[in-house]
Amino acid sequence: MTEPLLLPKQTAEPWRFFSWTPTSAARANDAELALLSQHLDVRLTGAEQPHTTVQSSEAVTAASRPSAELGLVQVAPDQFINTLVIEPFWKRLQTQRASQVAAAAAQAADPGSPDADMSEVGGIDHLIAAQHAHWRQQQQRDGTASPSGQSSGQPNGQSNSQPNDQPIRNLVIAHGYGAGLGFFYKNFAAISRVPGYRVFAIDWLGMANSSRPPFPHKSRRQTDEEIVETSERFFVDSLEEWRKKMGLETMVLAGHSLGGYLSVAYSLKYPERVDKLLLLSPVGVPEPPPKEQQAPQRSMLMSVFRSMWEMNMTPMSVVRTVGPLGPSLVRQYTSRRFAHMDPAEVATIEKYIYHTSAQPGSGEFALARLLLPGAWARLPLHPRLTKLTMPTTFIYGTHDWMDHRHAMRSVPHMPVDTRVSLVKNAGHHLYFDNPTGLSNAVMAEMLDVKPGPYSVPDVEYVYLPRYIDGMDSTTEASTTEFESPQEASQGGFQINWIVIAELIVGAVALIVMAAYLGFKLRAARAAAAVAAASSGTGIERGEGKEAFDVTLEEARAQLRASEAFDPKPESLAMPPPAYGHEAASVKRSSSSGSVTKPPSYKEPSSL
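These numbers were taken from a predicted model, which means no experiment stands behind them. (Residues numbered from 1 in each chain as written. Predicted model: local features only at pLDDT ≥ 70, side-chain atom pairs only at ≥ 80, totals over all residues. Heavy atoms only, no water.)

1. Let's talk about the overall build of the protein chain
Moving on, step 1. Each helix and strand counted, the protein chain has 17 helices and 13 strands in total.
Moving on, step 2. Taking all 607 residues of the protein chain together, the buried fraction comes to 47%.
Moving on, step 3. Taken as a whole, the protein chain presents about 30,800 Å² of accessible surface, with 56% of it coming from carbon and sulfur. (Helix = DSSP H or I, 4+ residues; strand = E, 2+ residues; numbered from the N terminus. Buried < 20%, exposed > 50% of the residue type's maximum accessible area, 1.4 Å probe, protein only. Areas by Shrake-Rupley, 256 points an atom, 1.4 Å probe, with all protein chains shown as cover.)

Have a look at this one:
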């Protein structure tokens, strides 16, 4: 593999419509660097490392931080992918860990020997040591085993005496929707310690701190297949061009959420370039239930939500539109979702999310092209997973709104080695909720260990292939079977319904408040009318009906007094409205006293 050539970050920005918002690409890069610098010694390509970094209670010491380089890789004219290249930290630690690994390997080979001192080797390093012992035992037996599963013949005269002598493998990490490579900042230091690997992280083209080219337009004449194929090609082809520029022959591809969906699309198009596929809480796995089994959504709120989805109104577009109010919107989300984290880290994450979201829209518009409302895929992965040709592992959180049971329904139909694991005490954001558990799960896959259901710390395997002694062909959790397809559809995307329920409750509260205010307003108007009538006209209680008669008689008197209009008195002798009693003499108070009827007025006969 050739050394990657990264380009410096671009800071000059053209004016755009939303330039009045308090953001810029430079601020987005600074927020990304502030996150990464807590656990990595980051060097910007073509620039010096800033001396100011955000400190947190979990930040590792500088002596144990791997170095990394952050820059851009050009994949097309005026198109760049933001790339993080992490030092193979295991090389630096090789000398100081040699005695510890040897002692742990002896302990694994001879259970009766004293325990090795692994106090300075934390996390999953006992699995690394056990895997070293396993490789050495295989080499002593047949001399052909290797950590990557390849034959003993190696290029450039490399031998099998040490696992570190094997060809370097590449791990490429891809983020999900609305995220960036900075979200994995707590995992890079641990993952870079796995022997034989070089770790990369990217921002998808059109997202985070990668360039923002125009996203392909959708035509009304296009079918769902054509829309999805065009949208997937935008990301997949740029990733393939990135691989060529980086000089990677093959890679272990790890994608989170929408990044997992796109990683499957890439693996199907370029299967020879993917050694192993790690799907971290991928979106779009299940098939949507039939329409006759879906509950009807007749609420106006759902109609508005679906219309906004079809119009491709993304959360990022809302953040951009509100301008200076954008940071407060992001803060409301981060303060609740990441309340368990260090406040200093949450503040940095908030800036990172805001500044990357407020940049011109591009890749974000793939959301409505690839997914339907409710996060159902237009072309679900379930039937497409059967076409994969590389080992595949699904990793979910125990509280993940992406239901792992959908993967459990897919893996029996996949013709490759598959696993399904759960990171304990984690939701959809595995890297924030339990970064140690996620690192352990990924490192176990990088090492090709053959774990038991609970052999990896903070990880539970709910589906394993047939290599465990005393087990059947697979090990499955008791929750793999659904009672009905409708239950399966409801189990996978609980957070959507929670959000919808919150919106409905809020709308009902607004309606109730509006009705209450309307009632109070009508009552106030009625009280004001009564007060004005009693004070301005002097009408006494019970004289409201006679007041109407006064007005009518005054109008008749004015007409009789007019010179231009002098009809016969009889023609105007209309009876007053009947109220069930004889008309009484009418009096009304005024500044001059009582009002008398005009002389020309003739009292109508009683009805």
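That covers the picture; the talk isn't over yet.
2. Details of the packing of aromatic side chains
Moving on, step 1. In total, this model carries 15 aromatic pairs according to the counting rule given.
Moving on, step 2. Between Y333 and F338 the ring centres are 5.9 Å apart and the planes differ by 80°, which places this aromatic pair in the edge-to-face class.
Moving on, step 3. Judged by relative accessible area, Y333 falls into the partly exposed class, the value being 38%.
Moving on, step 4. What makes F338 buried here is its relative accessible area of 1%.
Moving on, step 5. Through pairs of rings, three or more aromatic residues link up here, namely F183, F184, Y185, Y333, F338, Y352, Y431 and F432. (Phe/Tyr/Trp six-rings, centres within 6.5 Å; stacked < 30°, edge-to-face > 60°.)

3. Details of the packing of helix 9 (residues 326-337) against helix 10 (residues 343-357)
Any two packed helices are characterised by how steeply their axes cross, that is the angle between the axes, and by the distance between the axes.
Moving on, step 1. Contact geometry for helix 9 and helix 10: axes closest at 9 Å, N-to-C directions at 130°. When the axes of helix 9 and helix 10 are compared, the pair comes out oblique. Along this stretch, helix 9 crosses helix 10, giving a crossing that reads as right-handed. Seen from helix 9, the contacting residues are G326, P327, V330, R331 and T334; seen from helix 10, they are V346, E350, I353 and Y354.
Moving on, step 2. By residue class, the composition of the contact of helix 9 with helix 10 is five nonpolar, two polar and two charged. (Axes fitted to C-alpha atoms, helices over the stretch in contact; angles between N-to-C directions. Parallel < 35°, antiparallel > 145°, perpendicular 65-115°, else oblique. Left-handed = near helix turned anticlockwise from the far one by under 90°. Contact = heavy atoms within 4.5 Å. Nonpolar A, V, L, I, M, F, W, Y, C, P; charged D, E, K, R; others polar.)

4. Comments concerning the confidence of the model for the protein chain
Detail in the predicted coordinates should be disregarded across regions flagged by low pLDDT.
Moving on, step 1. Residues of the protein chain with pLDDT of at least 70 account for 58%, and the chain-wide mean is 75.
Moving on, step 2. Within the model, pLDDT remains below 50 along residues 144-164, and this stretch shows 37 contacts once partners closer than five positions in the same chain are excluded.
Moving on, step 3. Across residues 565-574, where pLDDT falls below 50, the model places seven contacts with residues more than four positions away in sequence or in other chains. (pLDDT = per-residue confidence, 0-100.)

5. So, helix 5 (residues 224-246)
Moving on, step 1. Over its 23 residues, helix 5 extends 33 Å from the first C-alpha to the last, a length consistent with the 33 Å expected when each residue adds 1.5 Å.
Moving on, step 2. Along helix 5, the largest kink reaches about 35° and is centred on R233.
Moving on, step 3. Where helix 5 ends, the next residue or the one after it, G247, has phi of about 75°, a positive value. (Expected span 1.5 Å × (residues − 1). Bend = angle between axes of the 7 residues up to and from the residue.)

6. Topic: the pairing of strand 6 (residues 251-256)
Moving on, step 1. Of all six residues that make up strand 6, six are buried, and the element is covered over most of its length.
Moving on, step 2. Going residue by residue along strand 6, you find M251, L253 and G255 tucked away on one face and V252, A254 and H256 tucked away on the opposite face as well.
Moving on, step 3. In the sheet, strand 4 (residues 169-174) pairs with strand 6 via four bridges, with the strands oriented parallel. Bridging from a neighbouring strand, L171 pairs with V252 of strand 6.
Moving on, step 4. Bridge analysis of strand 6 against strand 7 (residues 274-280) gives six bridges, and the strand direction is parallel. The residue bridging G255 from the neighbouring strand is L279, located in strand 7.
Moving on, step 5. Regarding topology, helix 6 (residues 258-269) serves as the crossover connection from strand 6 to the parallel strand 7, and that connection is right-handed. (Pairing = 2+ DSSP bridges. Right-handed = clockwise from strand over helix to strand, strands pointing away.)

7. Overview of a nonpolar patch on the surface
Moving on, step 1. Residues M308, M311 and M313 make up a contiguous nonpolar surface patch of about 300 Å² in total accessible area.
Moving on, step 2. In this fold, M311 is placed in the loop between helix 7 (300-310) and helix 8 (315-321). (Patch = residues over 30% accessible without salt bridge, like charges linked within 9 Å, V, L, I, M, F, W, Y side chains within 5 Å. Salt bridge = Lys/Arg side-chain N within 4 Å of Asp/Glu carboxyl O.)

8. Regarding helix 14 (residues 435-446)
Moving on, step 1. Taking 1.5 Å as the rise per residue, helix 14 with 12 residues should run 16 Å; its terminal C-alpha atoms sit 16 Å apart, in good agreement.
Moving on, step 2. Along helix 14, 11 of the 12 residues are buried, which leaves the element largely enclosed by surrounding structure.
Moving on, step 3. Turning to helix 14, its buried residues are P435, G437, L438, S439, N440, A441, V442, M443, A444, E445 and M446.
Moving on, step 4. Looking one or two residues past helix 14, D448 carries a phi angle of roughly 60°, positive in sign.

9. Brief notes about the pattern of salt bridges
Moving on, step 1. Applying the stated criterion across every chain, the model contains 17 salt bridges.
Moving on, step 2. With its nearest N and O atoms 3.1 Å apart, the salt bridge here joins R169 to D448. With R169 in strand 4 and D448 in the loop between helix 14 and strand 12 (459-464), this residue pair connects regions lying 279 residues apart in the sequence.
Moving on, step 3. Under the relative-accessibility criterion, R169 is labelled buried at 13%.
Moving on, step 4. Sharing partners across several salt bridges, the network here consists of R169, K276, R419, E445 and D448.

10. Here we look at the packing of helix 5 against helix 6
Moving on, step 1. Relative orientation of the contacting elements helix 5 and helix 6 amounts to 75°, with a least axis distance of 9 Å. By the criterion of interaxial angle, the relationship of helix 5 to helix 6 is roughly perpendicular. Within the contact between the two elements, helix 5 uses V228, E232, R233, F235, V236, D237, L239, E240 and R243 and helix 6 uses Y261, L262, A265, Y266 and K269.

11. Brief notes about unusual backbone geometry
Moving on, step 1. One non-glycine residue, S257, adopts positive backbone phi at about 55°.
Moving on, step 2. Tracing the chain through its elements places S257 in the loop between strand 6 and helix 6.
Moving on, step 3. Look at S257 and you get buried, because its relative accessible area is 10%.
Moving on, step 4. Not every positive phi belongs to a glycine, and D448 is a case in point at roughly 60°.

12. Points about the environment of L181
Moving on, step 1. Within the secondary structure layout, L181 lies in the loop between strand 4 and helix 4 (188-191).
Moving on, step 2. On a C-alpha basis, the gap between L181 and N82 in space is 8.6 Å, while along the polypeptide they are 99 residues apart.
Moving on, step 3. With sequence-adjacent residues up to four places away left out, L181 is seen in contact with E32, L36, N82, L84, H175, F188, A201, I202, D203 and Y352.

13. Some points on the environment of E310
Moving on, step 1. Secondary-structure assignment places E310 in helix 7.
Moving on, step 2. Considered as a pair, E310 and R369 are 59 residues apart in the sequence and their alpha carbons are 8.7 Å apart.
Moving on, step 3. In contact with E310, not counting residues within four places along its chain, are K218, P373 and R378.

14. Things to note about the nonpolar core
Moving on, step 1. Grouped together as the largest cluster of nonpolar side chains are 57 residues, with contacts concentrated most on W242, Y261, L385, F394 and V420.
Moving on, step 2. Ranked by the residues each element gives to this core, the list is headed by helix 5, at seven residues.
Moving on, step 3. If we ignore the near neighbours within four places in the chain, the residues touching Y261 are V228, E232, V283, G284, L370, A377, L379, L381 and R384.
Moving on, step 4. L33, V42, L430 and V449 belong to the second largest nonpolar core, which has 56 residues in total. (Core = buried A, V, L, I, M, F, W, Y, C linked by side-chain atoms within 4.5 Å.)

15. Concerning the pairing of strand 7
Moving on, step 1. Strand 7 sits mainly inside the fold: six of its seven residues count as buried.
Moving on, step 2. Here strand 7 pairs with strand 10 (residues 392-397) via four bridges, running parallel. Residue pairing in the sheet places L280 in a bridge with I395 of strand 10.

16. Examining the side chain of H175
Moving on, step 1. As for its placement among the helices and strands, H175 is situated in the loop between strand 4 and helix 4.
Moving on, step 2. Ignoring sequence-local partners within four residues, the contact set of H175 consists of G180, L181, F184, I202, D203, W204, M207, A208, H256 and G259.

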